[in-house]
Structure formats: structure tokens, C-alpha cells
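Chain residues, written in single-letter form:
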Amino acid sequence: MPINRLIIFEALAVNAGSLLTPIGNPQNILLWGRSGLSFPAFTLQMLPLALAMMVTLLVLCWFCFPAKKLEFQSSDRTPGWQPLLVWSCLAFYLVFLAALEMKQELAGLAIVAVGFLLLARRVVFSVDWTLLLVFMAMFYRCPFADSTAGSESCA
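- As named in an unreviewed UniProt entry, the protein is Inner membrane protein YbiR, taken from Kluyvera cryocrescens.
- Under the UniProt heading Subcellular location (unreviewed entry), the note attached to the protein is "Membrane".

See the structure below:
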């Protein structure tokens, strides 16, 4: 299996999948904020493009990769299945989406943070907070900037 080709296709697949929802990639967060659409409405708007990209990617995979069985390589460091963590993440995701729809972002964030502190403290301590702050800074909207001016800085 050509590893470079596999990495490129993985990146294409991530982009094709992430464009579907408002929070799938950073650009969509900006588009969603400007569009005024609800989360489901934005997702439905993006669905035709996402489907077209996925179908195109599947067709390309058919031609670009050999039709041979992949060998699974096991590792001793494989993490175990943690159903409580998986279901908690899903529940917190839905709570946060509901909070976004109700324009209660901070309350949703607080619920998610407290929930993770209670159920899976190690998740909170394993987050790359510096990277998260960089992303937050990228999307910070200056409260005193003119709303018609676009994305001007606060300086």
C-alpha cells in the first residue's frame, strides 16, 4: 500500500466529511455565523456538496488503491473500549449543539466542562489548551468592531 497516497486520501476524506456541518472545520464556523442558518439548515445546505465529494472520493479510491486485503497490525498500546466515555461525549456534543442553537454558548460550554471533570477528568487534562486558545483567538469577534466591516481586528 503506498503510504503517501494513503495519507493524501485520508486528508481528502477528512475535508470531504468535515464540510458537512457548521462545526466540521474552521471555515464553516465563519460561514455558519454569517449565514444566519440553524445547525440543521446549514447541514442540509451543505449535503449535496458533501455527497458529491464523498462519491468522487470513493470512485477515486476504487482506481487508486489495489484490491487486496489489508493486514491488521495489532499493538500492545491499543486503548480499550470505554463505552461510558463514548456515550458521554455524544451526550455532551448534543447538549452543546442545543446550547448553540439557543444562543447559550457559555452555558453549554460550562455543562460540557463540568461533565468531563466529573466523568472523565483525564480528558480535560489531556487537551492541548494552547492550541485551543489559538483557535479561539482566530475566531474571536471584537465586541466593538463594526458588524458590517467584516473580519477586522480589534487593534
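The structure having been displayed, the exposition proceeds.
**Describing the overall build of the protein**
Next up, step 1: A tally of regular secondary structure across the protein gives seven helices and zero strands.
Next up, step 2: Counting from the amino terminus, the protein carries its helices and strands in the arrangement α-α-α-α-α-α-α.
Next up, step 3: Expressed as a percentage of the 155 residues in the protein, the buried residues total 19%.
Next up, step 4: Restricting to contacts in the protein with at least 6 residues of sequence separation, those with at least 24 account for 53%.

**Concerning the nonpolar core**
Next up, step 1: Leu19, Trp32, Phe39, Phe42, Met46, Ala50, Leu97 and Leu100 form the largest nonpolar core, which has eight residues in total.
Next up, step 2: Where this core is concerned, the elements lending two or more residues are α3 (39-64) and α4 (83-101).
Next up, step 3: If we ignore the near neighbours within four places in the chain, the residues touching Met46 are Leu19, Leu20 and Asn28.
Next up, step 4: Residues Phe92, Phe116, Ala120 and Val124 belong to the second largest nonpolar core, which totals six residues.

**Overview of the UniProt feature "transmembrane region" (unreviewed entry) in the protein**
Next up, step 1: According to UniProt, the positions carrying the feature "transmembrane region" (unreviewed entry) are residues 7-24, 44-63, 84-100 and 106-135.
Next up, step 2: Helix makes up 100% of residues 84-100 and strand 0%, with an end-to-end C-alpha separation of 24 Å.
Next up, step 3: Taken end to end, residues 106-135 is 87% helix and 0% strand, and its two terminal C-alpha atoms sit 16 Å from one another.

**Points about the side chain of Asn28**
Next up, step 1: Here Asn28 shows up in helix α2 (residues 26-35).
Next up, step 2: Of note is the side chain of Asn28, whose polar atom sits 2.9 Å from the backbone oxygen of Thr21.
Next up, step 3: Contacts of Asn28, omitting those with residues within four sequence positions, involve Ser18, Leu19, Leu20, Thr21, Pro22, Phe42 and Met46.

**Considering α4**
Next up, step 1: Under the 1.5 Å per step criterion, the end-to-end length of α4 is 27 Å for 19 residues, consistent within 8% with the ideal 27 Å.
Next up, step 2: Buried within α4 are the following residues: Leu85, Ser88, Phe92, Leu97, Ala99 and Leu100.
Next up, step 3: On its buried face, α4 is in contact with α2, α3, α5 (105-119) and α6 (121-125).
Next up, step 4: Immediately beyond the C-terminal end of α4, within one or two residues, lies Lys103, with a positive phi of roughly 60°.

**Here's the deal with the state of the cysteines**
Next up, step 1: For the structure shown, the criterion picks out zero disulfides.
Next up, step 2: Just so you know, Cys64 is unpaired, no disulfide at all, and the nearest cysteine sulfur is the one on Cys61, 7.2 Å from it.

Cut-offs used in this document
- Residues numbered from 1 in each chain as written.
- Predicted model: local features only at pLDDT ≥ 70, side-chain atom pairs only at ≥ 80, totals over all residues.
- Heavy atoms only, no water.
- UniProt positions renumbered as here; feature names shortened; annotations may be inferred.
- Helix = DSSP H or I, 4+ residues; strand = E, 2+ residues; numbered from the N terminus.
- Buried < 20%, exposed > 50% of the residue type's maximum accessible area, 1.4 Å probe, protein only.
- Contact = heavy atoms within 4.5 Å.
- Core = buried A, V, L, I, M, F, W, Y, C linked by side-chain atoms within 4.5 Å.
- Polar contact = N/O pair within 3.5 Å; in protein donor to acceptor, adjacent residues only side chain to side chain.
- Expected span 1.5 Å × (residues − 1).
- Disulfide = S-S within 2.5 Å.

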